[in-house]
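# Structural overview for review
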Protein chains: 2
Amino acid sequence: MQDKINDILKKNHLSITEARKKILALFWESGNAMAHGDIEQKSSEEFDRVTIYRTLQTFVEKGIIHTIPTADNSVRYALCKDECGAGHHHDDHVHFICDDCGTTYCIDEVSVPKVKLPKGFKAAQTDLVISGTCNKCEQ
Amino acid sequence: MQDKINDILKKNHLSITEARKKILALFWESGNAMAHGDIEQKSSEEFDRVTIYRTLQTFVEKGIIHTIPTADNSVRYALCKDECGAGHHHDDHVHFICDDCGTTYCIDEVSVPKVKLPKGFKAAQTDLVISGTCNKCEQ
DNA sequence: AATATTTTGCAACAAAGTTGCATTGTTGTA
DNA sequence: TACAACAATGCAACTTTGTTGCAAAATATT
């Protein structure tokens, strides 16, 4: 896995540092989306808050991760698929946020339906965010 | 218009205060969605920040306004249609955020398509937010 | 008009995010 | 491998955003 992570960083012309390796690994391991706070906790204060902010920002710019909008003012981040590149995000899958456990899922199976907009409106990015109960919290 | 505003407040069992009247009027006049900051500016510091926070919170609870999630960590608020009531929001329309001018529109003409989720996932609310260029910024 | 109830503003605080700069770590080259 | 050039990090200080408790003011109720 370490190799995979180094590859991603190299491909994006980023120098390989402890913070970047660790944070990327966290995304990889968790599988789900994470908020800034989650990362801060999971890295057990190994890095400065500022470093985490800057690392996330860099990753978004390079198209390694993407943001997921939420209604509660807490942006989350998730790994992008391979098709995403610097400045171009292609995350046309649905995001699901569990109201119970707070987990954010990327529902890759479902793709975002095309929407016809009124005249003059040009879509650049489409975010479909569904909240409710996930399959673990549902009994 | 003042009557309409008073009606809305009465219907929702809210006492009629300057702050509530003014903030509701702002939503009515602007037509578009507003972030907390917009309201603070447009009311030209007539009210305390705290009052605005609490008023918005109350309005959301009563179903007078609804939140629109955005990818940049700045939740916006917009007037609900009549069908919305306390605790029940029915805002199945698309939201559009212009990357140029920042305006947030409620695209009432388009309704959010139903999405089939994997087993065990139960949807409570669906938000479809599209960003791009609006009909005013598009030349 | 007088009292009970809500709402507001203030102050103090907590959390989230940003910026500049010196120090440290990383990279490419000799 | 050692060195210089460059980039990333940590620290401190700060700004912005959001929250809470409480006394004062406004609103509603009788």
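Report follows, based on the coordinates. Please read all numbers here as calculations on a predicted model, not as lab measurements. (Residues numbered from 1 in each chain as written. Chains lettered and ligands numbered in written order. Predicted model: local features only at pLDDT ≥ 70, side-chain atom pairs only at ≥ 80, totals over all residues. Heavy atoms only, no water.)

### Regarding the overall build of chain A
A tally of helices and strands in chain A yields four helices and six strands. At 16 Å, chain A has a C-alpha radius of gyration in line with the 14 Å of a compact globule built from 139 residues. In terms of overall dimensions, chain A has C-alpha extents of about 45 × 40 × 25 Å along its principal axes. When the 139 residues of chain A are sorted by exposure, 43% land in the buried category. If you take every contact in chain A between residues at least 6 apart in sequence, the share linking residues at least 24 apart comes to 51%. Summing over all exposed atoms, chain A offers an accessible surface of approximately 7,700 Å²; the carbon and sulfur share of this is 45%. (Helix = DSSP H or I, 4+ residues; strand = E, 2+ residues; numbered from the N terminus. Rg over C-alpha atoms; globule rule 2.2 N^0.38 Å. Buried < 20%, exposed > 50% of the residue type's maximum accessible area, 1.4 Å probe, protein only. Contact = heavy atoms within 4.5 Å. Areas by Shrake-Rupley, 256 points an atom, 1.4 Å probe, with all protein chains shown as cover.)

### With respect to the interface of chain B and chain A
Each side of the interface is counted separately: chain B has 38 residues, and chain A has 38 residues. At the junction of chain B with chain A, the criterion picks out two salt bridges. We note a salt bridge from E138 of chain B to K122 of chain A, for which the minimum N-O separation is 3.9 Å. Mapped onto the side of chain B that touches chain A, the elements with two or more residues apiece are β4 (93–98), β5 (104–111) and β6 (122–133) of chain B. When residues of the side of chain B that touches chain A are assigned to their parent elements, the largest contribution, 12 residues, is made by β6 of chain B. The residue makeup of the side of chain B that touches chain A, split by class, is 19 nonpolar, 11 polar and eight charged. In the sheet, strand β6 (residues 122–133) of chain A pairs with β6 of chain B via 11 bridges, with the strands oriented antiparallel. Counted as the bridge partner of V129 of chain A is D127 of chain B from β6 of chain B. (Salt bridge = Lys/Arg side-chain N within 4 Å of Asp/Glu carboxyl O. Nonpolar A, V, L, I, M, F, W, Y, C, P; charged D, E, K, R; others polar. Pairing = 2+ DSSP bridges.)

### Description of the protein's contact with DNA strand C
Contacts to DNA strand C come from 18 residues, most closely from T17, R20, T51, R54 and N73 of chain B. Backbone atoms, meaning sugar and phosphate, make up 64% of the atoms of DNA strand C lying within 4 Å of the protein. The separation between a phosphate oxygen of DNA strand C and a polar side-chain atom of T17 of chain B is 2.8 Å. Between DNA strand C and D48 of chain B, the relevant distance is 3.2 Å, taken from a phosphate oxygen to a main-chain nitrogen or oxygen of the residue. Counting residues per element, the ones that place at least two in the surface near DNA strand C are α4 (49–62) of chain A together with α2 (18–30) and α4 (49–62) of chain B. Sort the elements by how many residues they give to the surface near DNA strand C and α4 of chain A lands first, with four residues. (Near = heavy atom within 4 Å. Polar contact = N/O pair within 3.5 Å; in protein donor to acceptor, adjacent residues only side chain to side chain.)

### Considering the packing of aromatic side chains
Within the structure shown, the criterion is met by six aromatic pairs over all chains. Consider the rings of F121 of chain A and F96 of chain B, whose centres lie 4.9 Å apart with planes at 85°: the pair is edge-to-face. Residue F121 of chain A is found in the loop between β5 (104–111) and β6, and its partner F96 of chain B is found in strand β4; the two belong to separate chains. Take F121 of chain A: its relative accessible area is 12%, and that puts it in the buried class. Joined through ring pairs, the aromatic side chains of F96 and Y105 of chain A together with F121 of chain B make up one cluster. (Phe/Tyr/Trp six-rings, centres within 6.5 Å; stacked < 30°, edge-to-face > 60°.)

### A look at the relation of the copies chain B and chain A
Between the two copies of the chain lies a relationship made up of a rotation around an axis and a movement along it. Expressed as a screw transformation, the operator carrying chain B onto chain A has a rotation angle of 179° and an axial translation of 0.0 Å, and the superposed copies differ by an RMSD of 0.2 Å. What the rotation and shift describe, once combined, is the action of a two-fold rotation axis. By C-alpha distance to the rotation axis, the residue of chain B lying nearest is L128 of chain B, at 2.2 Å. Comparing interface residues between copies, 100% of those in chain B also sit at the interface in chain A, which points to an isologous, same-surface contact. (Least-squares fit on C-alpha atoms with pLDDT ≥ 70 in both.)

### Some details on the protein's contact with DNA strand D
Taken together, 19 residues surround DNA strand D, and among them R20, T51, R54 and N73 of chain A together with I16 of chain B come closest. When the atoms of DNA strand D within 4 Å of the protein are grouped by moiety, sugar and phosphate amount to 61% of the total. Contacts to DNA strand D include T51 of chain A, whose side-chain N or O atom sits 2.5 Å from a phosphate oxygen. Between DNA strand D and I16 of chain B, the relevant distance is 2.7 Å, taken from a phosphate oxygen to a main-chain nitrogen or oxygen of the residue. Looking at the surface near DNA strand D, the elements that each hand over two or more residues are α2 (18–30) and α4 of chain A together with α4 of chain B. Taken together, the residues of the surface near DNA strand D break down into six nonpolar, seven polar and six charged.

### A few points about the pattern of salt bridges
Residue and element names in this part refer to chain B. One pass over the full model with this rule turns up six salt bridges over all chains. Measuring nitrogen to oxygen at the nearest pair gives 3.4 Å for the salt bridge that ties E18 to K21. With a gap of three residues between them, E18 and K21 both fall in helix α2, about one helical turn apart. Classification of E18 as exposed rests on a relative accessible area of 54%. Since its relative accessible area comes to 21%, K21 is described here as partly exposed.

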